[in-house]
Amino acid sequence: MSIITPSALTKSVQTMYETAYREAQDIARAYDQFANVTKQQKDDKGSSVTVTYHSDMEPKNSAGSRTADFTPQDIYEANVQVNTDFYKDGVKLHETAFEESFALGMKQLGDLTGRNKSEVVDSLARKVATQGNWVIYPGTHTTRVTLDLGVAGDHLAESSFLKVSQFTQAWAGNRFPDKSIMCLTDVFAAGDLLTASGGILTARAAYTEQGLKYLQNDEVGMLHNIRVLTSPVAKVFYGAGVANASAVSTTISAAGKPLDKTMTVTANTNIAVGMWLTVGTVESSTTEYLSTEIVYVTAVSGTTVTFIGGGANGGFRFAHDALAAVANGDSVHTAIFGGPNSLAKVYGSYGEYGEIVGPKVDGSADDFVTSSWKFWGGYGRLNEAWLIRSECSASNM
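Caption draft 1: Summary view of helix α5 (residues 187-197). Of the positions making up α5, those classed as buried are Ala189, Ala190, Asp192, Leu193 and Ser197. Buried residues of α5, seen end-on, are gathered within an arc of 155 degrees and therefore sit on one face of the element. Among the exposed residues of α5, those oriented more than 90 degrees off its buried face are Val187 and Thr195. Its buried side turned inward, α5 meets α4 (158-167), β7 (181-185), β9 (219-223), β10 (226-230), β18 (332-338) and β22 (387-392). Capping the start of α5 is the job of one residue whose side-chain oxygen sits 2.9 Å from the backbone nitrogen of Phe188: Asp186.

This is how it looks when you write it as structure tokens:
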């Protein structure tokens, strides 16, 4: 943990910090909405929790014997392992940071800590939810690397929702009480869906009272009884689609810091204003690279590229080492279809949302303050049939 360059904190400050932490972590919940808490493991013992299933009985409609007893059926069991682990992170500041920074205060520390914790924990749910075995594609391209933003048939469309609504008719135990399920995607994929299917999509404002009762975070509407949710943390495989005809394949020549709005590349071949560039390792399979991000080019001057990114100031969100890859392959977007019981969530004594630690003052002169969090738990796919991933391209990314 690096130290960023107040004395004892009052109870009221602690309460304000805790409130900011809770508010911030609630904002970022996305894939956690697919999870039902299966077990609270209070003693935090073991590295996994076993969830057991039993088989159904076979329906038999033949007449029963009047002279002999029936042959009892066998019931079978199968287990699913939910892996758990311990996670923690935080920041450490010198007290002069509060004097020198106009943007930093105790509430901001609560926001930062809460958002970081929620994003990390939700990324655990996202990893499990987006690596299921059931994958569908909207068009004729049926591999991630062949998806093309210029091909309308590769975009998220009503046909995928119709297909999923048919596939999921048997999800009796994995629906909301109004019989709906949900789909989580990003605004780019959802934009194509709304353009093509807006006329038959039921906007949230038109929901019935029952429909509103089960409203989820970031819900925009319903299509074929599937709730459409959009989130800025929805999984996108940046640059993992088809290679661009005018390909960019270069690296950063100097390390980039969070909030940087320019980067220096080794070569500027084919880099042009108005294109998206992936910075970092492309996710072509199941290995996640959480610091890979995408930026929008606004100017090119020699090997200096000016861009708009996802950082707080419109720059980089994450740090990137020198020689990090820079490319312009089309991105692959995901739409995850599931219900409120598609994932199992296990957590320990730190609570379902983790535990806040601090603000904690330390140092020989009581001049450092640490804000942090910790979480013990994990997520698992209970039933591979209860999660469907659609991989698609999007016309504007």
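Caption draft 2: Examining the pattern of salt bridges more closely. All told, the structure shown has 12 salt bridges when counted by the stated rule. Among the ionic pairs, Asp178 bridges to Arg227, the shortest N-O distance being 2.6 Å. With Asp178 in the loop between α4 and β7 and Arg227 in strand β10, the pair connects residues that are 49 residues apart, well separated along the chain. Residue class for Arg227 comes out buried when judged on its relative accessible area of 0%. Across the salt bridge formed by Lys345 and Glu352, the nearest N and O atoms sit 3.7 Å from each other. Looking at Glu352, the relative accessible area reads 25%, which means it is partly exposed.

Caption draft 3: Focus on the confidence of the model for the protein. Per-residue pLDDT for the protein has a mean of 84; in total, 85% of the residues score no lower than 70. Predicted confidence in the protein is weakest over strand β1 (residues 3-4), with a mean pLDDT of 48, and strongest over strand β16 (residues 304-308), with 98. Confidence drops under a pLDDT of 50 for residues 3-14, and excluding neighbours within four residues, the segment shows 23 contacts in the predicted structure.

Caption draft 4: A look at the nonpolar core. Among the nonpolar cores identified, the biggest contains 22 residues, and Tyr31, Phe34, Leu343 and Tyr379 are the most heavily contacted of them. Among the elements of the structure, α3 (106-129), β7, β19 (343-347) and β21 (368-381) are those that each provide at least two residues to this core. Ranked by the residues each element gives to this core, the list is headed by α3, at five residues. For Tyr31, the residues in contact, after removing those within four places along its chain, are Asp122, Ala125, Arg126, Ala129, Thr130, Leu184, Val233, Ala234, Lys235, Thr334, Ile336 and Leu343. In this structure, Leu193, Leu223, Ile226 and Ile388 belong to the second largest nonpolar core, which totals 18 residues.

Caption draft 5: Fine view of the side chain of Arg175. Structurally, Arg175 can be placed in the loop between α4 and β7. Despite its burial, Arg175 pairs with no opposite charge; the closest candidate is Asp178, at 7.6 Å N-O. Here Thr168 takes part through its backbone oxygen, which lies 2.6 Å from a polar atom of the side chain of Arg175. Apart from residues no more than four positions distant in its own chain, Arg175 is found in contact with Thr168, Gln169, Ser180, Ile181, Asn225 and Pro340.

Caption draft 6: Representation of the layout of surface pockets within the structure. Quantified by volume, the second largest pocket comes out at close to 270 Å³. Asn83, Leu124, Lys127, Val128 and Tyr379 are the residues nearest the centre of the second largest pocket, which is lined by 15 residues in total. Of all the elements in the fold, those that place two or more residues in the lining of the second largest pocket are β4 (77-83), β5 (85-94), α3 and β21. In terms of residue count, the dominant contributor to the lining of the second largest pocket is β21 (five residues). Split by residue class, the lining of the second largest pocket holds five nonpolar, seven polar and three charged.

Thresholds, definitions, all that
- Residues numbered from 1 in each chain as written.
- Predicted model: local features only at pLDDT ≥ 70, side-chain atom pairs only at ≥ 80, totals over all residues.
- Heavy atoms only, no water.
- Buried < 20%, exposed > 50% of the residue type's maximum accessible area, 1.4 Å probe, protein only.
- Helix = DSSP H or I, 4+ residues; strand = E, 2+ residues; numbered from the N terminus.
- Arc of directions from axis to C-beta.
- Contact = heavy atoms within 4.5 Å.
- Polar contact = N/O pair within 3.5 Å; in protein donor to acceptor, adjacent residues only side chain to side chain.
- Salt bridge = Lys/Arg side-chain N within 4 Å of Asp/Glu carboxyl O.
- pLDDT = per-residue confidence, 0-100.
- Core = buried A, V, L, I, M, F, W, Y, C linked by side-chain atoms within 4.5 Å.
- Lys, Arg positive; Asp, Glu negative; His and termini not counted.
- 1 Å grid on protein atoms, 1.4 Å probe; cavity = no way out; pocket = protein on both sides within 12 Å on 5 of 7 lines; lining within 4 Å.
- Points joined across faces, edges and corners; volume = space filled by probe spheres on them.
- Nonpolar A, V, L, I, M, F, W, Y, C, P; charged D, E, K, R; others polar.

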